[in-house]
Amino acid sequence: MNGIAVEARGIGKTFLLPHQQRNTLKEYFLHPFQRTTVERQQALGDVSFEIYEGEFFGIIGPNGSGKSTLLKILAGIYRADTGSVRINGALSPFIELGVGFNPELNARDNVRINATLLGLTRRQLAQRFDDIIEFADLGRFVDQKLKNYSSGMQVRLAYSIAIQVPFDILLLDEVLAVGDQAFQAKCYETFEQMRREGKTIVFVSHDLATVARFSERALLLEGGRTVEIGPADEVVDRYQELVAGVA
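Residues numbered from 1 in each chain as written. Predicted model: local features only at pLDDT ≥ 70, side-chain atom pairs only at ≥ 80, totals over all residues. Heavy atoms only, no water.

Structural notes on the overall build of the protein chain
We apply this condition: Helix and strand definitions here come from DSSP, where helices need a minimum of 4 consecutive H or I residues and strands a minimum of 2 consecutive E residues; each element is numbered from the N-terminal end. Buried residues are those whose accessible area, probed at 1.4 Å on protein chains only, stays under 20% of the maximum for their type, while exposed residues exceed 50% and partly exposed ones sit between those limits. Two residues qualify as a contact provided that any one of their heavy atoms is within 4.5 Å of a heavy atom in the partner residue. Note that accessible areas follow from Shrake-Rupley with a 1.4 Å probe, and for residues the cover is restricted to the protein chains shown.
Of regular secondary structure, the protein chain possesses eight helices and nine strands. Across the 247 residues that make up the protein chain, the buried fraction comes to 42%. Contacts in the protein chain between residues far apart in sequence, at least 24 positions, make up 69% of those at least 6 positions apart. Counting every atom, the protein chain has about 13200 Å² of accessible surface; 49% of that belongs to carbon and sulfur.

Describing the pairing of strand β6 (residues 169–173)
This is how it is decided: Strands were regarded as paired on the criterion that DSSP finds at least two bridges between them.
The buried count for β6 comes to five of five residues, which makes it a mostly enclosed element. Two elements, β6 and strand β7 (residues 200–204), share five bridges in a ladder whose sense is parallel. The residue of β7 that forms the bridge with Leu-171 is Val-202.

Here we look at helix α4 (residues 122–136)
Test applied: To estimate how far a helix should reach, multiply one less than its number of residues by 1.5 Å. Across the chain, bend at a residue is computed as the angle between axes fitted to the seven residues ending at that point and the seven starting from it.
Between its terminal C-alpha atoms α4 stretches 20 Å, which fits the 21 Å expected from 15 residues at 1.5 Å a residue. Of all the bends found along α4, the most pronounced is centred on Arg-128 and spans about 45°. One or two positions beyond α4, positive phi appears at Asp-137, with a value near 60°.

Details of the packing of aromatic side chains
The condition is simple: What counts as a ring pair is set by centres within 6.5 Å for rings of Phe, Tyr and Trp (its six-membered ring), and what kind of pair is set by the plane angle: stacked under 30 degrees, edge-to-face over 60, tilted for all other angles. The criterion is that NZ of a Lys, or CZ of an Arg, lies within 6 Å of the ring centre and within 35 degrees of the ring normal, and then a charge sits over that ring.
Inspection of the entire model under this criterion finds 12 aromatic pairs. Through successive ring pairs, a cluster of aromatic residues spans Phe-56, Tyr-188, Phe-191, Phe-203 and Phe-214. Stacked on the ring of Phe-135, the Lys or Arg Lys-186 has its end atom at 5.3 Å from the ring centre.

Structural notes on the nonpolar core
A general tendency of soluble globular proteins is for nonpolar side chains to be buried together. Quick reminder of the rule: As used here, the term nonpolar core means buried Ala, Val, Leu, Ile, Met, Phe, Trp, Tyr and Cys residues forming a set that is joined through side-chain atoms within 4.5 Å.
In terms of nonpolar packing, the biggest core is built from 26 residues, with Ile-60, Tyr-159, Leu-172, Val-175, Phe-191, Ile-201 and Phe-203 touching the most fellow members. Elements with a minimum of two residues in this core: β3 (56–60), α5 (151–162), β6, α6 (181–196), β7, α7 (208–214), β8 (217–222) and α8 (232–246). The greatest single-element share of this core, amounting to five residues, is contributed by α6. Excluding residues within four positions of it along the chain, Phe-203 makes contact with Phe-56, Phe-57, Gly-58, Ile-59, Leu-172, Val-175, Leu-176, Phe-191, Thr-210 and Val-211. Residues Leu-44, Ile-59, Leu-74 and Leu-221 belong to the second largest nonpolar core, which totals 20 residues.

Observations regarding the side chain of Glu-7
Inclusion rule: Here a polar contact means two N or O atoms within 3.5 Å. Within protein one must be a hydrogen donor candidate and the other an acceptor candidate, and residues neighboring in sequence count only if both atoms are side-chain atoms.
Of note, Glu-7 is situated in strand β1 (residues 4–19). At a separation of 2.8 Å, a polar atom in the side chain of Glu-7 contacts the side chain of Arg-86. Not counting the four nearest positions on each side in its chain, Glu-7 is found in contact with Phe-49, Glu-50, Ser-84, Val-85 and Arg-86.

Some thoughts on the layout of surface pockets
This is how the line gets drawn: Think of a 1 Å grid over the protein atoms and nothing else: a 1.4 Å probe that fits but is trapped marks a cavity, an open set flanked by protein within 12 Å on at least five of seven lines marks a pocket, and residues with an atom within 4 Å of a point count as lining. Grid points are joined across faces, edges and corners, and a volume is the space filled by probe spheres set on the points.
If you add up the space inside the second largest pocket, you get close to 190 Å³. In terms of lining, the second largest pocket is formed by Phe-135, Ile-163, Gln-164, Val-165, Phe-167, Lys-186, Glu-189, Thr-190, Gln-193, Met-194, Glu-197 and Lys-199. Here the element with the most residues in the lining of the second largest pocket is α6; it accounts for five residues.

Some remarks on helix α3 (residues 107–117)
What counts, and what does not: Arc definition: directions from the helix axis to the C-beta atoms.
Among the residues of α3, Ala-107, Asn-110, Val-111, Asn-114 and Ala-115 are the ones counted as buried. Buried residues of α3, seen end-on, are gathered within an arc of 115° and therefore sit on one face of the element. Sitting at the head of α3, Asn-106 places a side-chain oxygen 3.2 Å from the backbone nitrogen of Arg-108. A positive backbone phi angle near 115° is found at Gly-119, which sits one or two residues after α3.

Here we look at the environment of Asp-180
Within the element layout of this structure, Asp-180 appears in the loop between β6 and α6. For Asp-180, a relative accessible area of 42% translates into the label partly exposed. As for Asp-180 and Gly-152, which are separated by 28 residues in sequence, their C-alpha atoms are 7.7 Å apart.

So, the environment of Glu-104
Among the secondary structure elements, Glu-104 is positioned in the loop between β5 (91–94) and α3. Accessibility expressed as a relative area gives 42% for Glu-104, which makes it partly exposed. Separated by 40 residues in sequence, Glu-104 and Gln-144 have C-alpha atoms that sit 9.3 Å apart. Separated by 3.4 Å, the side chains of Glu-104 and Lys-147 make a polar contact.

Some points on the pattern of salt bridges
This is how the line gets drawn: By convention in these notes, a salt bridge is any Lys or Arg side-chain nitrogen within 4 Å of a carboxyl oxygen on Asp or Glu.
This structure, assessed with the given rule, holds 12 salt bridges. Between Lys-147 and Glu-104 there is a salt bridge, with its nearest N and O atoms 3.4 Å apart. Pair noted here: Lys-147 is in the loop between α4 and α5 and Glu-104 is in the loop between β5 and α3, with a separation of 43 residues, a long-range link. Of the residues examined, Lys-147 reaches a relative accessible area of 48% and is grouped as partly exposed. Overlapping salt bridges bring together Glu-7, Arg-9, Glu-50 and Arg-86 as one network.

Structure, rendered in structure tokens:
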């Protein structure tokens, strides 16, 4: 059995949601000491799992189940309130569409900035720049500002950068959600290549067919808690049963 690439133990995360009924500037002056009520929203509670080196690991569940929060904790963007995370290997997080992009800059400059931040040297970037743009199919638009890009164009660019950066573990959050069929086919090819290279992939998606197709195992979350973890096809079936039961 391969070694452990990602280990999560007892992960818990709660957000504080302030509520305050002061809608005008006048109300702030008339009631400067009015208390703000705070609601506690538990996003994750006591989530534990291991991901092995070279494993394709899916994370599924309904909206609001804590999938993206969990991925951000693994990436170090959020700090867990309870529990611990251990990452063994170089991480290349592709968490959210457009994070780190400057919409006022063109694709060329955004590639340079993001690839450098993710660890590419100037020489590596020069060698891989054309591949990044070609994979994203943005050659005609490389000098346009990103604020004029569609969401699909932005996610293609972000993913193209992420897979060119040296990594052992790649975190993917809904990378297929806004891509067209041609881009999805390219992604599937890179999934197969990364599997052959022994990369570890953590894949959050509502595309259950893709999760079942590529993942060895999967984690099903609901309400921030683990419902099931095991072989991907069995976990996908369990999720579909839950959805059917709700319907």
